[in-house]
Each structure stands twice: as C-alpha cells, then as structure tokens.
Amino acid sequence: MRILIFILFSLATGLCYSQAVISGSLEELWWDFKGEQIKDGSHQYASYKGKPYILETTDAAIVLDKNKRVEGLTIRYNVYNDRMELKNGDVYYNISLDERVQEVHLDDHQFAVMRFLAGKSKAQGYFETILKDEKCSLFLRHNMLLKEAEPAKPFQEERPAEFKQQAATSFIRLNTDYLVPVYNKKDFLNLIPDKQAQVARFIKKQKLKFRKPESVRELVEYYNSL
C-alpha cells in the first residue's frame, strides 16, 4: 500500500535538494507518496487550550531511503497523534509512519520511525535519537496528554480541553530490532544480566534519575564503555 506523504507535483519545483532543483529520481519518488490533508488545517484545535505540537520549524529536512535528503521544509511534530505534519502553502499534510523515511530533522532534533515494545506487543512510532551505538542506543518517546473538557460547576467555570506535554520516556535498543522502555533501574538491569553489578554501582554512585534523559544517556554511555 502506498503511504507516506502526498506532495503536489508542483512542490518538486519549489523544494531544494543540495541547493538545486530536486533530481529526477527523487521527483519520481514523490509520485509514490499518498497524503492525508489534516481536517480544518491549523484551526483543528482552536477551541483547545495548548497545542499538540512541538518543534515546529521552517528549517526541517527529511532523509529518505538511499540517502536522499530534502531540506527547507516546514514541519511540526504532532505528539498527541504521533505524526509529523508537513506544510505546503497554507495546508498541513500528515507524514504517515513509514520506515522509508529514515530521518526527520527539526532544527537540531533528529527523529526516526522505530519499532518498539508496547505492553506485550510491538508498535511503530516516532522517536527522537539521543545516542546511537552498535552496543546500546538511546531514544526518547515524547508524550502529550489531552485533558478532557470540564463543564461548569458551582464556584468553577467551564474548562476547555487542554493539551499538556508530559515527560518523555527513555527507550533503548540492545540486542533487538525494536526499542524497549526503561522507566527505572530494574528495567535497565534486567536487560544486562552480565553487567548488573557494575552498572548498579555506577547508578548508585552517580545518583542517576531515570526521569532525566541526561542521566539515562550518562548510563548508556557508561555501559557502552564496559
């Protein structure tokens, strides 16, 4: 099934690739993309408090298979729907989850479509790349909560639905082709039975907190050095 992004053929004359018009092979690739215009455009969440987006930028880039890169795009990350949204004119289009999109760069943030463990099954979604290593890699899963609207009550006004960004979840890739969440020390140690004692001492000595991505990165870097 043809998925990914729908981009009008005329867009090919407007985007830059290596500071030039898109190559013929990349132009042909656009024809394989199917898109979904986002209903009501940017007004979709007008009645909500807050927004489901982060990292909207006019300096985005998409890296496709075979190292084809398209730059100078306007893209925002809809965390709540887990979709990258590409702007063409005044209209946004969903970039469907597809592993043929190798990377999406939003300024200095790099995202990729990855398979991950969700409960007892596998799912697919966008992850921010924090550290890549042959031994152990670290990724972040951004989270957005939609708090339902509340009707008016005595001594309380009506409250609209509200988007609230939550703390990101750390995921690692270690000896698997999918990512695994690590919420605490036990989660990490269970994945490394041969190095548990050393790593446990390091966690205690450094007073690492798993709710802080920088602490998890420090831990992964230490593990990779063993």
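All of these numbers come straight from a predicted model, not from anything done at the bench.

**Some thoughts on the side chain of E128**
Point 1. Relative to the assigned elements, E128 resides in strand 10 (residues 121-131).
Point 2. Of the side chains with opposite charge, R217 lies nearest to the buried E128, which makes no salt bridge, at 8.7 Å.
Point 3. If near-sequence neighbours (up to four positions away) are discounted, E128 is found in contact with H109, Q110, F111, L138, F139, L140 and H142.

**Considerations on the packing of aromatic side chains**
Point 1. Tallied over the full model, the rule gives 9 aromatic pairs.
Point 2. Ring plane angle 35 degrees and centroid distance 5.5 Å describe the contact between Y48 and F163, whose orientation is recorded as tilted. Placement of the pair is Y48 in the loop between strand 3 (36-37) and strand 4 (53-64) and F163 in strand 12 (residues 162-173), with a sequence separation of 115 residues.
Point 3. Note on F163: relative accessible area 5%, which makes it buried.
Point 4. For the pair F188 and Y223, a centre-to-centre distance of 6.1 Å together with 85 degrees between the ring planes defines the contact as edge-to-face. Separated by 35 residues along the polypeptide, F188 in helix 2 (residues 185-190) and Y223 in helix 4 (residues 213-225) bring together distant segments of the chain. For the residue pair F188 and Y223, the accessibility class agrees, reading buried in each case.
Point 5. Three or more aromatic residues link up through ring pairs in this structure, and these residues are Y48, Y80 and F163.
Point 6. Above the ring of Y53, the side-chain terminus of R76 is found at 3.7 Å from the ring centroid.
Point 7. Geometry around Y178 places K122 over its ring, the cationic atom sitting 4.5 Å from the centre.

**Quick notes on a positive patch on the surface**
Point 1. On the surface, K207, K209, R211 and K212 cluster together to form a positively charged patch.
Point 2. Tracing the backbone through its elements, the reader meets K209 in the loop between helix 3 (196-206) and helix 4.
Point 3. Using a relative accessible area of 39% as the deciding quantity, one classes K209 as partly exposed.

**Here's the deal with the confidence of the model for the chain**
As a note on interpretation, predicted positions should not be read in detail where pLDDT is low.
Point 1. Per-residue confidence for the chain gives a mean pLDDT of 80, with 77% of residues at or over 70.
Point 2. Here residues 37-41 scores under 50 on pLDDT; set against residues more than four positions off or in separate chains, the count is 10 contacts.

**Some remarks on the pairing of strand 5 (residues 68-78)**
Point 1. Across the 11 residues of strand 5, 8 count as buried, placing the element largely inside the fold.
Point 2. Of the strand pairs in this sheet, strand 4 and strand 5 are connected by 7 bridges, and their pairing is antiparallel. Across the sheet, the residue bridging to A60 is L73, located in strand 5.
Point 3. As judged from the 4 bridges shared by strand 5 and strand 6 (residues 83-88), these two strands associate in the antiparallel manner. Directly across from N78, in strand 6, lies its bridge partner R83.
Point 4. Where strand 5 folds back on strand 6, the antiparallel hairpin that results is connected by 4 residues, among which D82 adopts a positive phi of roughly 55 degrees.

Definitions and limits used
Residues numbered from 1 in each chain as written. Predicted model: local features only at pLDDT ≥ 70, side-chain atom pairs only at ≥ 80, totals over all residues. Heavy atoms only, no water. Helix = DSSP H or I, 4+ residues; strand = E, 2+ residues; numbered from the N terminus. Buried < 20%, exposed > 50% of the residue type's maximum accessible area, 1.4 Å probe, protein only. Lys, Arg positive; Asp, Glu negative; His and termini not counted. Salt bridge = Lys/Arg side-chain N within 4 Å of Asp/Glu carboxyl O. Contact = heavy atoms within 4.5 Å. Phe/Tyr/Trp six-rings, centres within 6.5 Å; stacked < 30°, edge-to-face > 60°. Lys NZ or Arg CZ within 6 Å of the ring centre and 35° of its normal. Patch = residues over 30% accessible without salt bridge, like charges linked within 9 Å, V, L, I, M, F, W, Y side chains within 5 Å. Areas by Shrake-Rupley, 256 points an atom, 1.4 Å probe, with all protein chains shown as cover. Charge placed at Lys NZ, Arg CZ, Asp CG, Glu CD. pLDDT = per-residue confidence, 0-100. Pairing = 2+ DSSP bridges.

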